[in-house]
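# Commentary on secondary and tertiary structure
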Amino acid sequence: MKRLQYLFLLLAAILFGACEKDNFDGPTAGLSGRLIDADTKELLQQDIVRGSTIEIVEHGYDPVRPQYLIVKNDGTYENSMLFENMYTVRPVRGNFVTPEPIDIRISGKTVQDFNVTPYLRIQDLNISKQGNLVVATFRLQQNVIGNVQKIGIYVDKDPRVGEPMRLGQKEQTLNAAADPNTVYRLEYNPDEFKAQMPLGKSYYFRVGALMSLTEAKPNYAPTVKLDI
Amino acid sequence: MLFSCQGILDIKPTDKIPAEVLFGDPEGVKIYMANLYYQLPIEDFAYFRAGFNQNGGDPNNGGFSAAMLTEEAMHTEFGDFFGDGDFQWWDQGYKLIRDVNLLIDAIPALDILEEEKSALTGESNFIKAFAYFALAKRYGGVPLIKATQKYEGSAEPLKVPRSTEKETWDYVLELCDVAATNLGTAKGRRANKYTALALKSRAALHAASLAKFGSRATVSGDAVTQKLVGLEASAAAGYYAACIQASQAIITDGAYSLFRPNPATPAEAAENYRLLFQNPNDAPDEVILIKGYNLPGANLGHNYDIWYQPAQVANGWPHPGRMNPTLEMVDLYESYAAPGQSAPVVTTVDGNVTDYGGYDPSKNYLRFDTPNEIFKDKDARLWGTAILPGTTWKGTNIVIQAGYVKPDGQAVIRIKDQITVGANTYYTYGAPSTTMYSGFDTYGGNNTRTGFSFKKFMNQNSPIVPGWNQSTTDWAEFRYAEVLLNFAEAVVESGTGDATAAAKALNDIRRRAGHTVNIPLTADNVQRERRVELAFENKRFWDLIRRREYHTVFNNRVMHTLLPLQDLRALPATKYIFVRVQVPNSNPRTFELKAYYRSIPGIGANGLVQNPQY
Amino acid sequence: MKKVCLILAAVVLAAGISCSKKSTGGNPPPTPDPPEVPEAVYDETGCLYTSYKGLVMAGYQGWFAAEGDASERGWYHYRNGNCGGFMPGCAAVDFWPDMTEYTKKYPSPFSFADGGNAPLYSPYDEETVDLHFKWMKDYGIDGVFMQRFVVEIKNENAKGKRHFNKVLENALKAAKKYSRAICVMYDLSGCTSADVAYLEQDWEELQRTFSLFDNKTNPTYLRHNKKPLVVIWGVGFNDNRKYTIADADQLVTRLKGPSKKVSVMLGVPYYWRTMRNDTENSPALHALIKKSDIIMPWAVGRYGNDNYANVAGAELAGDIQWCNNNKVDYVPLAFPGFSWGNLRNDPSLYNSIPRMKGEFLWKQVAGAKMSGAKSLYLAMFDEIDEGTALFKCARQNEVPLNGNGGRQFVGIENDLPSDHYLWLSGQAAKWFHGESGYSATLPVR
């Protein structure tokens, strides 16, 4: 019995100790920034779901589980719940050439932009109603080796429309390198999707193109609002 | 000895009975072996997202099965998809491996005949191979604990790092070979030589497919660079060859054959197919390994009958009808009129099968005399797998109707309503009360929302017992048809091996299903045949994984429903039309690349490299 | 309890020690600023090639000699010492030059199927090098990098040095005549640390001997960043070289000098950025690269037609992004194929990376272009030992016999003209010059 008491005491001591150790202050620091097309200096458009991520690895822990920050549709990101510390930060699994990681100290409101090369640029985009159809024409500039898996025009009631989030779409499989001399054309038929998107209203249209690369996300042109 | 009833004998060998005492007695070894079989990761009637043997404790998981994560079926209510914690088998896997290693250690010292030792060695290695196969297909490369670990005061030496995925698959196949070499050919409920070869056939095909199709879905991270996940394309040839070799060894020995291989009519073929799964014990020529469910009760019986039989036969059970085969699945089955291609259900005169826009009075619908005439000529296995609208099950006409078109051309669909025309009253769901139909009413989540209910594995002989774990239908884990399909796939995908024999394997299975026209051996034909023949046997899930098709097949994917409507414009004739629509109340689902591998639990403690994107 | 205290104390102590170590190591004594030296300025009036940007240039071996030429080096580099020289069944070359247009030819120990002798050329002859540069002009290749193997031009190797100087002399003359860019490229392969240092001496001598930087004498000598360019090939490879990155770093520092006399291009291994596979894992490599003006990673043999997209797709765009961020120019390499069955005495190595009628070369040209490369290095103009040659070679049905022991020569595909790869190189140059109409699709002649 006596021995058991000691054990309990020991246990209590350990528990108590553990509690004290865990009494850290809450996260006070934040990291925000932008993904910028290194050439055009424009924000690099993203998806709100299953889009590019910012990987941050806090220093001083081993093993350490990386944290991933979501990049918003417009190419900005922000997390205001980080502990002040050194971190290795790197945009990954995106629609751009993965840049080298950088080590920064995150404290207060730290801002870190990344200049990146998008896999693809959608250029000379024109989206217009032609009869019953919505027709998109554009050129593709490819900035990395490989094939363009598919191009598509995506439609939704929500302005954050994209390949993963759409009620209607017209896609074309390419599986070939982008041809700089070709004007690509997609014809979207609103009739096919009127069960989800009744005619006579306005919707958001966004043209995207996906490289066939490891964990690649689609590249986009800016969203266009059209009445159909 | 039947390993079915050994749940109650969940012996904890190392803390209750000293190993030498247990293994010193041949009966002790048998009991121990039974427990190992019980732990086998067999994806059967008790396999759900939470894991294996989900037939004790609280088995209420809504009846959400692995088939509902594929195009095979929808649940009546749930629209779930992959969760990070689903289908895990890590701690249990290493427990089984530890347990089987203890037995392997003990075998040399056992006081039994050499041939008995050989058989035990074979069985142990079969179990170990089965365990590592289950780990490899979930996690990729895993720590290979090839022999019993001894704790000598420090946990560090016991921490084994992950081997590469290649090394892990090679080890699985090596264990299969050891098992096949040591096992005899006697049939029973324990592993024999053919069981080991069938496992090898399945595992080698899995590995070969990963190697061949890995480039369809590449990911990044430490696990990739260290080759803990992923196989080189160059490894495919060797694995396909291993699959061909193992499959052919079973085929040429002739110990197994297809159950009732030459039916006279498609109707007979459909019934044969149903019988094969209602009681696999009646098909010892085809079934290579059975997992038995001999008695009702917790950890003994299972719950397929209560979850999945149509609402009309629920017999007081409050939650039937959860398995809803999709229109995609029904479309897939061939028509005897056009062999060698899937036969989507044509509902309109223009034949457009991609129009999911809903009922439109201006469209010209085909009219049918019965709610199932539209499926006439479809592969017998559709009739043996799904309960189709207006067919008989347990002496009851199963009513599956989504609504009607009123004489004025306006339709009432998926709304409880009735209309009197002349002397007769018509009901949207085909009958006046919830006990009299099985479709589309959302009442209780008991009625199919795809237009189809479920027949395969269902017990037709006795009424549902309205309680948990009352089903005793046995599970066929390996059957000859799968071996034939593995063989055909390995030949056609590798472009090596006996293509004539592979084509014969493919067409033998079709012949058993009532087909009379042979089709050529092509990759597409093999996959369609596989999906149809092995439907709902929890194979499609892994086919999508191993062929790296999941992310393509499930990219914003919605499933579809066939709405049977009575067309009252035809009165006094009784006529039905059908409308193809998206499954009601369903959302698109997308497979994320990371789900090709499960996350490894306990990384913080075991120090292993985590799989990508977890 | 005491034990715990002791352990804690030990930890604190250990931490204290490591900290103090760090702090002493972290404060190096301040070095005095070097005296300000004015940056070298060159008169680029009349210079035709003031930047590598926009150019497609090839490597030029020029290392062959023919029995009977004035070099007195026998069948140098045609012969294969591992099988006894240069005779049917034994050679160092896989491809055979198309000799139709050469004015000076030497009968070789090889014959065609019809019994006629199969002659060869020597770049020691002025008219031969002249022809090569004429082809460059005819097909539109911008110019060449003259390979200079440090181990072959040492003072103790008088004939070697004389050979390479004569070939360079021929080339400088022809480059001026045909307005082709030309540049010296040192190859450090086989060097010791001392040899690396010797390079500087040779380089000074070359400048004097040929008035290399004189804009009148050599108006086509390649310049970059307003200075003449020199290339150092072979920095950062992890194949147990006898010199170090530090040796190369010191060399680059000395070549540039305080007045930044020259621009330097480094030939680096393919995986230089991630420092794995063929690359030494040393941060000194990146420091050196940042000091240089251009890098050109060695891609020969790193991929073939089937895995090009996988291999280069992962490297090239990331390389270029890294270089953009670090203000270093980047030149990717493309090669038409690879074959060294005779050099390695192994018939399985014939056509080990098949040319696919130019498909493979063009895939790399397009890959470089779409990854954002501004210039291109072609390996190589006249490399027939490893079968990467672009110049006119005999077609498969025109090559001489090579003994009866399963040896052969490899030819250009029979249904192609012998100048196909020259023409294709010219097409690449046009694309890089900015002409339109080119894409990933192989151009049709």
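Residues numbered from 1 in each chain as written. Chains lettered and ligands numbered in written order. Predicted model: local features only at pLDDT ≥ 70, side-chain atom pairs only at ≥ 80, totals over all residues. Heavy atoms only, no water.

Taking an unreviewed UniProt entry as the reference, chain C is identified by name as Xylosidase belonging to Chitinophaga chungangae.

With an unreviewed UniProt entry as reference, chain A is termed DUF3823 domain-containing protein, source organism Chitinophaga chungangae.

Turning our eyes to something else, we now look at the overall build of chain C. Tallying secondary structure elements over chain C gives nine helices and 10 strands in all. Relative to the globule expectation of 22 Å for 445 residues, the C-alpha radius of gyration of chain C, 24 Å, shows essentially globular dimensions. Projected onto its principal axes, the C-alpha coordinates of chain C cover approximately 95 × 55 × 50 Å. By the burial criterion, 57% of the 445 residues in chain C qualify as buried. A sequence separation of at least 24 residues applies to 74% of the contacts in chain C between residues at least 6 apart. Measuring between centres, the 49 positive side-chain charges of chain C sit 6 Å from its 49 negative side-chain charges. (Helix = DSSP H or I, 4+ residues; strand = E, 2+ residues; numbered from the N terminus. Rg over C-alpha atoms; globule rule 2.2 N^0.38 Å. Buried < 20%, exposed > 50% of the residue type's maximum accessible area, 1.4 Å probe, protein only. Contact = heavy atoms within 4.5 Å. Lys, Arg positive; Asp, Glu negative; His and termini not counted. Charge placed at Lys NZ, Arg CZ, Asp CG, Glu CD.)

On to the interface of chain C and chain A. Contacts between the two partners involve 17 residues from chain C and, on the opposite side, 16 residues from chain A. Approximately 1,200 Å² of surface area, both sides summed, lies buried where chain C meets chain A, with 58% of it carried by carbon and sulfur atoms. Between the two partners, chain C and chain A, sit one salt bridge. When the shortest N-O distance is used, the salt bridge between Arg273(C) and Glu100(A) registers 3.3 Å. For the interface between chain C and chain A, the tally reads six residue pairs in polar contact (both at pLDDT 80 or more). Secondary-structure elements contributing two or more residues to the side of chain C that touches chain A are helix H7 (308-326) and helix H8 (359-370) of chain C. Sort the elements by how many residues they give to the side of chain C that touches chain A and H7(C) lands first, with nine residues. Split by residue class, the side of chain C that touches chain A holds nine nonpolar, seven polar and one charged. (Buried area = accessible area lost by both parts, 1.4 Å probe. Salt bridge = Lys/Arg side-chain N within 4 Å of Asp/Glu carboxyl O. Polar contact = N/O pair within 3.5 Å; in protein donor to acceptor, adjacent residues only side chain to side chain. Nonpolar A, V, L, I, M, F, W, Y, C, P; charged D, E, K, R; others polar.)

Glancing now at the nonpolar core. Of all hydrophobic cores here, the largest spans 184 residues; its most connected members are Phe126(B), Tyr132(B) and Tyr550(B). Looking at which element gives the most residues to this core, the answer is helix H7 (residues 193-213) of chain B, with 13 residues. Once residues within four sequence positions are removed from consideration, Tyr550(B) is found in contact with Leu69(B), Thr70(B), Phe81(B), Phe82(B), Phe541(B), Leu544(B), Ile545(B), Phe591(B) and Tyr596(B). Membership of the second largest hydrophobic core comes to 145 residues, among which are Leu55(C), Val231(C), Leu251(C) and Ala366(C). (Core = buried A, V, L, I, M, F, W, Y, C linked by side-chain atoms within 4.5 Å.)

This paragraph deals with the state of the cysteines. For the structure shown, the criterion picks out one disulfide over all chains. No disulfide involves Cys176(B); its sulfur sits 11 Å from the nearest other cysteine sulfur, which is in Cys243(B). Counting only cysteine sulfurs, Cys47(C) is the nearest neighbor of Cys183(C), a cysteine outside any disulfide, at a range of 13 Å. Judged by its relative accessible area of 0%, Cys183(C) falls in the buried class. (Disulfide = S-S within 2.5 Å.)

Our focus in this paragraph is the pattern of salt bridges. Residues and elements named next belong to chain B. Across all of its chains, the model carries 86 salt bridges over all chains by this definition. A salt bridge links Asp567 to Arg367; the shortest N-O distance between them is 3.0 Å. Of this pair, Asp567 sits in strand S15 (residues 560-567) while Arg367 sits in the loop between strand S5 (338-342) and helix H13 (380-385), and the two are 200 residues apart along the sequence. Assessed through its relative accessible area of 41%, Arg367 is described here as partly exposed. Overlapping salt bridges bring together Glu286, Glu334, Asp379, Arg381, Lys456, Arg479, Arg510, Arg512, Arg528, Glu529, Glu533 and Glu537 as one network.

Attention shifts here to the interface of chain B and chain A. In this complex, chain B contributes 12 residues to the contact, which on the side of chain A involves 13 residues. Here chain B is connected to chain A by zero salt bridges. Our count for the chain B to chain A interface comes out at nine residue pairs in polar contact (both at pLDDT 80 or more). In the side of chain B that touches chain A, the residues fall into three nonpolar, eight polar and one charged.

This part covers helix H9 (residues 236-253) of chain B. Residues and elements named next belong to chain B. Between the first and last C-alpha of H9 there are 26 Å, a value that for 18 residues agrees with the 26 Å anticipated at 1.5 Å per step. Looking only at H9, the buried set comprises Ala236, Tyr239, Tyr240, Ala242, Cys243, Ile244, Ala246, Ser247 and Ile250. Buried residues along H9 sit in contact with helix H6 (165-182), H7 and helix H14 (480-494). Taken from the residues just after H9, Gly254 is the one with a positive phi, measuring 75°. (Expected span 1.5 Å × (residues − 1).)

What follows covers unusual backbone geometry. For the bond running from Leu571(B) to Pro572(B), omega is 10°, close enough to zero to count as cis. Within the secondary structure layout, Pro572(B) lies in the loop between S15 and strand S16 (576-582). Between Ala379(C) and Met380(C) the backbone carries a cis peptide bond, its omega angle lying at -20°. Its place among the elements puts Met380(C) in the loop between strand S10 (376-378) and helix H9 (420-433). Notably, Lys227(B) is not glycine yet its phi reads approximately 60°, a positive angle. By the element assignment, Lys227(B) lies in the loop between helix H8 (222-225) and H9. Backbone geometry places Lys357(C), a non-glycine residue, at a positive phi of 55°.

Residues and elements named next belong to chain B. Look at helix H3 (residues 26-39) against helix H4 (residues 91-106): their axes get within 10 Å of each other, and the N-to-C directions meet at 155°. In terms of orientation, H3 and H4 fall into the roughly antiparallel class. Crossing of H3 against H4: the hand is left-handed. Residues Val29, Tyr32, Met33, Asn35, Leu36 and Gln39 of H3 lie in contact with H4, whose contacting residues are Gln92, Lys95, Leu96, Asp99, Val100, Leu102 and Leu103. (Axes fitted to C-alpha atoms, helices over the stretch in contact; angles between N-to-C directions. Parallel < 35°, antiparallel > 145°, perpendicular 65-115°, else oblique. Left-handed = near helix turned anticlockwise from the far one by under 90°.)

Time to look at the UniProt feature "domain: DUF3823" (unreviewed entry) in chain A. What UniProt calls "domain: DUF3823" (unreviewed entry) maps, in this numbering, to residues 30-117 and 120-225 of chain A. In residues 120-225 of chain A, the share of helix is 0% and the share of strand is 55%. The end C-alpha atoms are 22 Å apart. (UniProt positions renumbered as here; feature names shortened; annotations may be inferred.)

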